[in-house]
Amino acid sequence: MRKTLRISMTAVALAFGITAYAQAPMHQMDHMQHMQHMAAASNDTRQLVSFPPEMRQHTLANMRDHLEALSEILSNMSAGRYAKAAQVANVRLGMDSPSAEGCKGEDTPSKPQISKPASMDHQMTQFMPESMRNIGLSMHQAASDFAVEADKAGRSGNPKPALAALSKVTQQCAACHASYKVQ
Ligand code: HEC
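Now for a description of the structure that goes with this document. These figures come from a predicted structure and were not determined experimentally.

With that out of the way, let us pick up the coordination of the iron atom of the ligand. The expected angle between donors at a tetrahedral four-coordinate metal is 109.5 degrees. At an octahedral six-coordinate metal it is 90 or 180 degrees. Surrounding the iron atom of the ligand are the protein donor atoms Met-63 (SD) and His-177 (NE2), which sit 2.0 to 2.2 Å from the metal. Angles of 87 to 178° at the metal separate the six donor atoms of the iron atom of the ligand, which places the site in the octahedral class. With Met-63 in helix 3 (residues 53-78) and His-177 in helix 7 (residues 160-179), this residue pair connects regions lying 114 residues apart in the sequence. In this structure Met-63 comes out as partly exposed when scored by relative accessible area, which is 34%. On the basis of relative accessible area, His-177 is assigned to the partly exposed category, the value being 48%.

With that settled, consider the nonpolar core. If you look at the biggest cluster of nonpolar residues, it comprises 21 residues, and the most contacted ones within it are Ile-73, Met-77, Leu-93, Phe-146, Ala-150, Leu-166 and Val-169. For this core, the elements supplying multiple residues, two or more each, are helix 3, helix 4 (82-93), helix 6 (130-156) and helix 7. The leading source of residues in this core is helix 6, at seven residues. Excluding anything up to four places from it in sequence, Leu-166 contacts Leu-70, Ile-73, Leu-74 and Phe-146. With 13 residues, the next largest nonpolar core counts Phe-51, Ile-135, Cys-176 and Tyr-180 among its residues.

We now examine the site of the ligand. Within the structure, the ligand sits among 18 residues, and Met-63, Arg-64, Cys-173, Cys-176 and His-177 are positioned closest to it. Between the ligand and Arg-64, the relevant distance is 2.7 Å, taken from an oxygen atom to a side-chain nitrogen or oxygen of the residue. In this structure, the ligand is accommodated by the largest pocket. Elements that contribute at least two residues to the shell around the ligand include exactly helix 3, helix 6, helix 7 and strand 2 (180-181). The dominant element in the shell around the ligand, judged by the number of residues it contributes, is helix 3, at six residues. Residue classes in the shell around the ligand are distributed as 10 nonpolar, five polar and three charged.

What follows deals with helix 7. The periodicity of an α-helix, 3.6 residues per turn, causes residues three or four positions apart to be oriented the same way. With 20 residues, helix 7 should cover 28 Å at 1.5 Å per step; its first-to-last C-alpha distance of 29 Å lies within 8% of that length. Within helix 7, burial applies to Ala-162, Ala-165, Leu-166, Val-169 and Cys-176. Looking straight down helix 7, one finds its buried side chains confined to an arc of 105°; they lie on one side. Away from its buried face, by an angle of more than 90 degrees, helix 7 presents the exposed residues Lys-160 and Ala-178. Lining the buried residues of helix 7 we find helix 3, helix 6 and strand 2.

Evaluation of the coordinates by the stated rule reveals six salt bridges. Arg-92 is paired through a salt bridge with Glu-72; the nearest N and O atoms lie 3.5 Å apart. Of this pair, Arg-92 sits in helix 4 while Glu-72 sits in helix 3, and the two are 20 residues apart along the sequence. For Glu-72, a relative accessible area of 32% translates into the label partly exposed. A salt bridge links Glu-149 to Lys-152; the shortest N-O distance between them is 3.4 Å. Of this pair, Glu-149 and Lys-152 both sit in helix 6, three residues apart, roughly one helical turn.

Conventions adopted
Residues numbered from 1 in each chain as written. Predicted model: local features only at pLDDT ≥ 70, side-chain atom pairs only at ≥ 80, totals over all residues. Heavy atoms only, no water. Donors = N, O, S within 2.8 Å, 3.2 Å for Na, K, Ca; no water. Tetrahedral: all angles 85-135°; square planar, octahedral: opposite > 155°, others 65-115°. Helix = DSSP H or I, 4+ residues; strand = E, 2+ residues; numbered from the N terminus. Buried < 20%, exposed > 50% of the residue type's maximum accessible area, 1.4 Å probe, protein only. Core = buried A, V, L, I, M, F, W, Y, C linked by side-chain atoms within 4.5 Å. Contact = heavy atoms within 4.5 Å. Near = heavy atom within 4 Å. Polar contact = N/O pair within 3.5 Å; in protein donor to acceptor, adjacent residues only side chain to side chain. 1 Å grid on protein atoms, 1.4 Å probe; cavity = no way out; pocket = protein on both sides within 12 Å on 5 of 7 lines; lining within 4 Å. Sits in = over half its atoms within 2 Å of the grid points. Nonpolar A, V, L, I, M, F, W, Y, C, P; charged D, E, K, R; others polar. Expected span 1.5 Å × (residues − 1). Arc of directions from axis to C-beta. Salt bridge = Lys/Arg side-chain N within 4 Å of Asp/Glu carboxyl O.

By themselves, these are just geometric observations and shouldn't be taken as functional.
Take a look at the structure:
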């Protein structure tokens, strides 16, 4: 009985092996792509920025909100709701949004602070390398610039300059992700 089971399991294993072999040419492509991907991952040249654990969590939560905001901006743009897209950009990504605080140094001109001076966002300025902070500032500035263009699109009906401005935002997302990691 046991022997029969073992034999039939061997048969099943063999059958899988043969099927896998027969499909090898197709899978080889996937395999090559996978290996390329692995090679890219092991050539990870991003600089590790050490944040205290809470700050890291806070940053990643902020990041997820950035992506959600971007997604809302795009769906509003595609529906012709340009003013709404501008509003999302201003409130969630622009220079006056709370998330921009983390990138503003002591000497960055900004509106008088209503938020507590020692907020987590504010403290982040001490942990980020200056070049990272500058990319962050460029991203927040690009989002504010986009909002201006999106409001103009509301009047002109032409969304192209706003879309060009939005691509400047995502360029900064990508630039920072290419250079830095927090874990
Ligand atoms: C100043 C640098 C910087 C900018 C600008 C930036 N990010 Fe990030 N982002 C990071 C870092 C660092 C991580 C963590 C990556 C890691 O450790 O692997 C991250 C992670 C993320 C994650 C993953 C979050 C998670 O839970 O793991 C998302 C999503 C993301 N960013 C979206 C965005 C979007 C969208 C933008 C632009 C609107 C943006 N980021 C701009 C630095 C930045």
